[in-house]
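Each chain, written out:
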Amino acid sequence: MTGHPLSRLLYNLGTGAYFLGIRLAAPFNPKARLMTEGRKETIERLREKRKPSDRYLWMHASSLGEFEQGRPVIEAVKKAHPGYKICLTFFSPSGYEVRKDYPLADIVVYLPFDGSKDLEAFVRLLSPEIVLFVKYEFWLGTLSLLRRMGIPTYLISAKFRPGQPFFKPWGAIFREALGAFKEIFVQEQGSADLLASIGVTNVTVAGDTRADRVIEIARNPARVPIVEKFASEAREKGLPVLVVGSSWDKDEERYLPFLKKHRDEMRVIIAPHEIGGERLRNLEGTVPPLKSHLFSQGEAPVGTEVLVIDRIGLLSSIYAYADFAYIGGGFGAGIHNILEPAVYGLPVVFGPGHGKFAEAGALIKKGGAFSYETEEDLATILEKLLTDGDFRQRAGQASADFLRENSGATRLILSRIFG
């Protein structure tokens, strides 16, 4: 990292203070403790697992969401280039703690803090032949080190916004950091245009790798017999099935009045974002007078109107039993994965918090998704999807077409990296 000395100093001071804050908070904060203690094991685990004859591809993902973007590429590398071993690093415990036993990665560790003495030791010990950074993570010291060592480094599934430092007058060192990447694979043309505006042209519009992932899941969805029976009974009565995925309390405040009003016209499957005891109790308290049943209690009795999924890992397969979907998170940090229902040809509805998700705007434009702000807006959208079968079918087809048109990012990325 060269750049302006003052900018470099400010960056080093800022990141140093941030990492020191994590260490100081470790005795009192569980997340900070995991981040600190986990990094103490990184170098030792690398020494234990790394063999001199190994050829490594290193993928870094900040957290779980970024991992899901990179996952299709790992799977494709393992199939097409089995000679490579995979080292997967995370910055955050929310990624590492969930995926530390990911079977396709040969090493899973925390990335050493940028600028720490362990960072260079980590890179030299691993000695990767190829490095992939996913989406948003830009540690300038790490990128500078990789550039000096001449290791081919790529950014995949990237998205850029005008408010990022790269596009600010004071952002010279961040713009310079982009030079560490041999190629930048962006999800959509808008990101490529932004990068072109600052003279970055080693850019390929590849699309969203998650599209390839959900298409693969949809080809062979896992059977969920309890849900299958519930949905079959609904269809025998001519009732459409709505799946509510990753539901938060602010979503429930808005959609439950509609469900209660139309309880005789539909059946509903709710998969809450959190399934802890208190969260489920709160949900059960707001559902009446709808007749609800918990998935963990086995088959739903005849007449059940709402099936509540209190198990993780099922949602992507449950969408296969739906006629339309509502995705939560639009009144919080942001909506959850809308590609998972869209791949099954479902119309998708969500709240207004989708500005950072390019696929949401694109799917709205395509006619397969619908965003709302008020409870009245939501009622209008859901009633149209509930009562107008032709409209629902057209919207679902638009979703399916969108996934088909946006597939192939993983294949393109591998072809560019491996030739």
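For the structure, see preceding data.
Note that the structure is a prediction, hence the values are computed from the model and not measured.

1. Side note on the overall build of the protein
- Within the protein, the secondary structure is distributed over 19 helices and 14 strands.
- The C-alpha atoms of the protein give 23 Å as radius of gyration, which agrees with the globular expectation for 419 residues (22 Å, within 12%).
- The principal-axis extents of the C-alpha atoms in the protein amount to approximately 65 × 45 × 40 Å.
- Here the protein holds 419 residues, and the buried ones make up 53% of them.
- Look at the contacts in the protein between residues 6 or more apart in sequence, and 66% of them connect residues 24 or more apart.
- As presented, the protein carries roughly 18600 Å² of accessible surface, and 53% of it is formed by carbon and sulfur atoms.

2. Quick word on the sheet that holds strand β12 (residues 324-327)
- Strand order in the open sheet formed by 7 strands is β10-β11-β9-β8-β12-β13-β14, and the pairing between neighbours is parallel. Both edges of this open sheet fall to β10 (292-294) and β14 (369-371), since each of them pairs with a single strand only. Recorded for the sheet is a direction-independent mean angle of 20° between the axes of neighbouring strands.
- Taken together, the 3 bridges between strand β9 (residues 267-272) and strand β11 (residues 306-308) define a ladder with parallel strand orientation. Bridge pairing links Ile-269 to Leu-307 in β11.

3. Thoughts on the pattern of salt bridges
- Taken as a whole and judged by the stated rule, the model has 25 salt bridges.
- Taking the shortest distance from any N to any O, the salt bridge between Arg-99 and Glu-68 comes out at 3.4 Å. Remark: Glu-68 occurs in helix α4 (residues 64-80) and Arg-99 occurs in helix α5 (residues 93-99); sequence separation between them is 31 residues.
- Under the relative-accessibility criterion, Arg-99 is labelled partly exposed at 23%.
- Salt-bridge contacts for Arg-124 lead to Glu-120; the nearest nitrogen and oxygen are separated by 2.9 Å. One end of the pair is Arg-124 and the other is Glu-120, both in helix α6 (residues 117-126) and 4 residues apart, which spans about a single turn.
- The exposure class assigned to Glu-120 is partly exposed, which follows from its relative accessible area of 34%.
- Counted as one network, the salt bridges with shared partners bring together Glu-68, Arg-71, Glu-75, Arg-99 and Arg-213.

4. Considerations on helix α19 (residues 409-418)
- Among the residues of α19, those classed as buried are Ala-409, Thr-410, Ile-413, Leu-414 and Ile-417. Looking down the long axis of α19, one finds its buried residues gathered within 125° of arc, a one-sided arrangement.
- Lining the buried residues of α19 we find α4, β4 (130-134), β5 (153-158), β6 (183-186) and α10 (209-219).
- Once α19 finishes, Gly-419 follows within two positions and takes phi at roughly 80°, a positive value.

5. Overview of the side chain of Ser-246
- Summarising the element assignment, Ser-246 is placed in strand β8 (residues 241-247).
- When its relative accessible area of 15% is taken as the criterion, Ser-246 is described as buried.
- Discounting residues that sit within four places of it in the chain, Ser-246 has contacts with Asp-251, Ala-271, Pro-272, His-273, Leu-315, Gly-328, Gly-329 and His-336.

Cut-offs applied
Residues numbered from 1 in each chain as written. Predicted model: local features only at pLDDT ≥ 70, side-chain atom pairs only at ≥ 80, totals over all residues. Heavy atoms only, no water. Helix = DSSP H or I, 4+ residues; strand = E, 2+ residues; numbered from the N terminus. Rg over C-alpha atoms; globule rule 2.2 N^0.38 Å. Buried < 20%, exposed > 50% of the residue type's maximum accessible area, 1.4 Å probe, protein only. Contact = heavy atoms within 4.5 Å. Areas by Shrake-Rupley, 256 points an atom, 1.4 Å probe, with all protein chains shown as cover. Pairing = 2+ DSSP bridges. Axes fitted to C-alpha atoms, helices over the stretch in contact; angles between N-to-C directions. Salt bridge = Lys/Arg side-chain N within 4 Å of Asp/Glu carboxyl O. Arc of directions from axis to C-beta.

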